[in-house]
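Each chain, letter by letter, is given below.
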Amino acid sequence: MEILSKVTNSPEETESVGGELARYVLANAESFVALYGDLGAGKTAFCRGFVGVISPDAHVCSPTYAIVNEYDGGDVPVFHFDMYRVESEDSLDSIGFYDYFGRGIIITEWSENIPYALPDRHIKVKIEKLSEDKRKITAELITE
Ligand code: ADP
Ligand code: MG
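All values reported here derive from a predicted model rather than from experimental measurement.

**Let's talk about the pattern of salt bridges**
In total, this model carries three salt bridges according to the counting rule given. A salt bridge links Lys 6 to Glu 20; the nearest nitrogen and oxygen atoms lie 2.7 Å apart. Taken together, the positions of Lys 6 in strand 1 (residues 2-8) and Glu 20 in helix 1 (residues 11-27) put the pair 14 residues apart, joining distant regions of the chain. In this structure Lys 6 comes out as partly exposed when scored by relative accessible area, which is 32%. A relative accessible area of 31% places Glu 20 in the partly exposed class. One salt bridge connects Arg 121 with Glu 30, and the closest N-O pair in it is separated by 2.7 Å.

The following block contains the structure:
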């Protein structure tokens, strides 16, 4: 089921689409958002807007090196993962990925790297670079 489809023209617009999805996630008690898109597509920008709605004082940055950033400032914790460096199920286990399930909202960058780890029910967000400043963002509810 399609949740949204938008074209944005700036990082700020992508952030506000992230915020829109966060309101949807809160209203519908969803708990897992999987982001897809190349380097520089705008995944971290999207997360900034998403987390900003749930945990307003959060300073959102890319968790590439830490793999996970946790934002506890809102009613529900958000766990922001970057799977760029995750190459095997062993490395997911070693960061305790599955222990985060059920503890809050999970949002993952580079979901391409963890197809086997996605829960049956999740929101799939694709960000495509149309030009230097234009992005196409689609969000879809997957229930399998
Ligand atoms: P990713 O996490 O997918 O690698 P980032 O969010 O870190 O991407 O970076 C996106 C880059 O693209 C930033 O440099 C940002 O300024 C630029 N950009 C240009 N137009 C847009 C847009 N419409 N949406 C998001 N980012 C954009
Ligand atoms: Mg990123």
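**A word on the nonpolar core**
Soluble, globular proteins show a tendency: their nonpolar side chains are buried together. Grouped together as the largest cluster of nonpolar side chains are 24 residues, with contacts concentrated most on Leu 21, Val 33, Phe 46, Phe 50, Ile 107, Ile 123 and Val 125. Broken down by secondary-structure element, the contributors of at least two residues to this core are helix 1, strand 2 (32-36), helix 2 (43-54), strand 5 (105-109), strand 6 (122-129) and strand 7 (135-142). When residues of this core are assigned to their parent elements, the largest contribution, five residues, is made by helix 2. Ignoring any residue separated from it by four or fewer positions in sequence, one finds Leu 21 in contact with Ile 3, Leu 4, Val 33, Phe 46, Phe 50, Ile 123, Val 125 and Ala 139. With 16 residues, the next largest nonpolar core counts Ala 34, Tyr 36, Ile 114 and Leu 118 among its residues.

Definitions and cut-offs
- Residues numbered from 1 in each chain as written.
- Chains lettered and ligands numbered in written order.
- Predicted model: local features only at pLDDT ≥ 70, side-chain atom pairs only at ≥ 80, totals over all residues.
- Heavy atoms only, no water.
- Salt bridge = Lys/Arg side-chain N within 4 Å of Asp/Glu carboxyl O.
- Helix = DSSP H or I, 4+ residues; strand = E, 2+ residues; numbered from the N terminus.
- Buried < 20%, exposed > 50% of the residue type's maximum accessible area, 1.4 Å probe, protein only.
- Core = buried A, V, L, I, M, F, W, Y, C linked by side-chain atoms within 4.5 Å.
- Contact = heavy atoms within 4.5 Å.

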